[in-house]
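Structural characterization, general
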Amino acid sequence: MDPIASPGITEETKQIIDALRYCSRREHPEDTVVRVGDASIGRGHFAMIAGPCSVESEEQIVGIAKAVKAAGADLLRGGAFKPRTSPYDFQGLGAEGLRLLKTAREETGLPVVSELMGVRELELFEDVDVIQIGARNMQNYELLKEVGRLKKPVLLKRGLASTLREFLLSAEYIMAEGNAQVILCERGIRTFDDHTRSTLDLSAVPMLGELTHLPVVVDPSHAAGIARLVPPMALAAAACGADGLMIEVHSDPARAFSDGEQALTPAEYAALAERVSRVREAVSSR
Ligand code: PEP
Ligand code: MN
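Our subject in this report is the structure included herewith.

Counting secondary structure elements, the chain contains nine helices and ten strands. A globule of 286 residues ought to have a C-alpha radius of gyration of about 19 Å, and the chain, at 18 Å, matches this closely. For the chain, the residues scored as buried account for 54% of the 286 residues in total. Just so you have it, the chain exposes about 12800 Å², and 49% of that area is on carbon and sulfur atoms.

Dropping the structure here:
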């Protein structure tokens, strides 16, 4: 479908499309599929990405990796370099965290996703399967150009106060350098309301589906910030056409080094994964 031709398209939307060369649906009508190990994301392939906010120890990451794998997860997430709001909060295990993530990958076969915060750490990420660019770095253009030169998938999170135009132009920075393997992640935006950590913008999912061929995943954990709200938001994301979900899971949320309030336990995650499959079946047009 040419979004320009669809009824109800606004002047703003037309301008977004005109600004894009690589990620627009107009330039590339077919959905992009990003492949990582045995997992595929996009064009009907749905991926579940699960794991703790931060890698804390070998026992923690390997235990969670095994649990989410048993529940059908396709990729393991885990932060080693953490962008914390306060400089006095846990900043991540750094290189050691990446080493432990690799151990978890060896134990389970799950490809790993981890956040890169600065170009100086790039070398350490050689063995990381998917590089995450976090919300706070969505407009770090030097970093975007750098990951644009890599030959591996990049999971780009929407900035805390970014419009879809800005989000897509950031994806464009990566693609313009030659890297076509970009996965977009809607993770909530800042609004006037503070009853949740962020406001999950689910309308972004079908809208991005019109504007771009790139896969779109949803992170209900950082959007909600409250574990009990994660399942309903995850189910809604699956129902509105997301290509995957990224969910924080911790075996002992009360003792997590970061983001424990929004983490599901492995049992809660397994129950949710099952319901996500049922929602996807229910809404499938096939
Ligand atoms: C994260 O995924 O752990 C994270 C820090 O997310 P965001 O960049 O969306 O805040
Ligand atoms: Mn987190």
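Let us now look at the layout of surface pockets. A water-sized probe, rolled over the atoms, reveals where empty space remains. Quantified by volume, the largest pocket comes out at close to 640 Å³. Along the walls of the largest pocket sit 27 residues, with Asp31, Gly44, Gly241, Ala242 and Asp243 positioned nearest its centre. If you list the elements that add at least two residues to the lining of the largest pocket, you get α6 (204-211), α8 (230-239) and α9 (266-283). It is α6 that provides the largest number of residues to the lining of the largest pocket, a total of four residues. Put simply, the second largest pocket is a space of about 260 Å³. What lines the second largest pocket is a set of 17 residues, among which Pro83, Arg136, Arg197, His222 and Asp259 lie closest to the centre.

All right, on to the nonpolar core then. If you look at the biggest cluster of nonpolar residues, it comprises 68 residues, and the most contacted ones within it are Val68, Leu76, Leu156, Leu184, Leu245, Ile247 and Tyr269. Sort the elements by how many residues they give to this core and helix α5 (residues 164-176) lands first, with six residues.

With that settled, the discussion passes to the sheet that holds strand β9 (residues 216-218). By way of backbone hydrogen bonds, the strands of a sheet pair with one another, either parallel or antiparallel. Read once around its circumference, the closed barrel built from eight strands follows the order β3-β4-β5-β6-β7-β8-β9-β10, with strand pairing classed as parallel. The average undirected angle you get between the axes of adjacent strands in this sheet is 25°. As paired strands, strand β3 (residues 47-51) and strand β10 (residues 244-248) are joined by five bridges and run parallel to one another. Residue pairing for β10: Ala47 is matched across the bridge by Gly244. Along the sheet, helix α2 (residues 58-70) makes contact with β3 and β4 (75-77), crossing β4 at roughly 145°. Its contacts with the sheet put α5 on β7 (154-157) and β8 (182-186), and the angle it makes with β8 is roughly 160°.

When two helices pack together, their arrangement is given by the angle between the helix axes and by the axis-to-axis distance. For the pair α8 and α9, interaxial distance at closest approach is 9 Å and the crossing angle is 30°. By the criterion of interaxial angle, the relationship of α8 to α9 is roughly parallel. In this structure, α8 meets α9 at a crossing whose hand is right-handed. Note on element contacts: α9 touches α8 through Leu272, Arg275, Val276, Val279, Arg280 and Val283, opposite Pro231, Ala234, Leu235, Ala238 and Ala239. Taken together, the residues of the contact of α8 with α9 break down into nine nonpolar, no polar and two charged.

This brings us to the environment of Gly244. Of note, Gly244 is situated in strand β10. In sequence terms Gly244 and Leu272 are 28 residues apart; their C-alpha atoms lie 13 Å from each other.

It is worth spelling out the site of ligand 1 at this point. Looking at ligand 1, there are 13 residues lining it, with Arg77, Lys82, Ala135, Lys157 and Arg187 nearest. Within the side chain of Lys82, one N or O atom sits 2.8 Å away from an oxygen atom of ligand 1. Within the side chain of Gln132, a nitrogen or oxygen atom sits 2.9 Å from an oxygen atom of ligand 1. When isolated, ligand 1 has an accessible area of 290 Å², and the protein chains bury 97% of it. If you map ligand 1 onto the pockets, it falls in the second largest pocket.

Attention shifts here to the packing of α2 against helix α3 (residues 95-108). Packing of α2 against α3 leaves a shortest axis separation of 9 Å and a crossing angle of 35°. The element α2 and its partner α3 pack so that their crossing is right-handed. In contact with Glu58, Ile61, Val62, Ala65, Lys66 and Lys69 of α2, α3 contributes Leu100, Leu101, Thr103, Ala104, Glu107 and Thr108. When the residues that make up the contact of α2 with α3 are grouped by side-chain class, the tally is six nonpolar, two polar and four charged.

How each quantity is defined
Residues numbered from 1 in each chain as written. Chains lettered and ligands numbered in written order. Predicted model: local features only at pLDDT ≥ 70, side-chain atom pairs only at ≥ 80, totals over all residues. Heavy atoms only, no water. Helix = DSSP H or I, 4+ residues; strand = E, 2+ residues; numbered from the N terminus. Rg over C-alpha atoms; globule rule 2.2 N^0.38 Å. Buried < 20%, exposed > 50% of the residue type's maximum accessible area, 1.4 Å probe, protein only. Areas by Shrake-Rupley, 256 points an atom, 1.4 Å probe, with all protein chains shown as cover. 1 Å grid on protein atoms, 1.4 Å probe; cavity = no way out; pocket = protein on both sides within 12 Å on 5 of 7 lines; lining within 4 Å. Points joined across faces, edges and corners; volume = space filled by probe spheres on them. Core = buried A, V, L, I, M, F, W, Y, C linked by side-chain atoms within 4.5 Å. Pairing = 2+ DSSP bridges. Axes fitted to C-alpha atoms, helices over the stretch in contact; angles between N-to-C directions. Contact = heavy atoms within 4.5 Å. Parallel < 35°, antiparallel > 145°, perpendicular 65-115°, else oblique. Left-handed = near helix turned anticlockwise from the far one by under 90°. Nonpolar A, V, L, I, M, F, W, Y, C, P; charged D, E, K, R; others polar. Near = heavy atom within 4 Å. Polar contact = N/O pair within 3.5 Å; in protein donor to acceptor, adjacent residues only side chain to side chain. Sits in = over half its atoms within 2 Å of the grid points.

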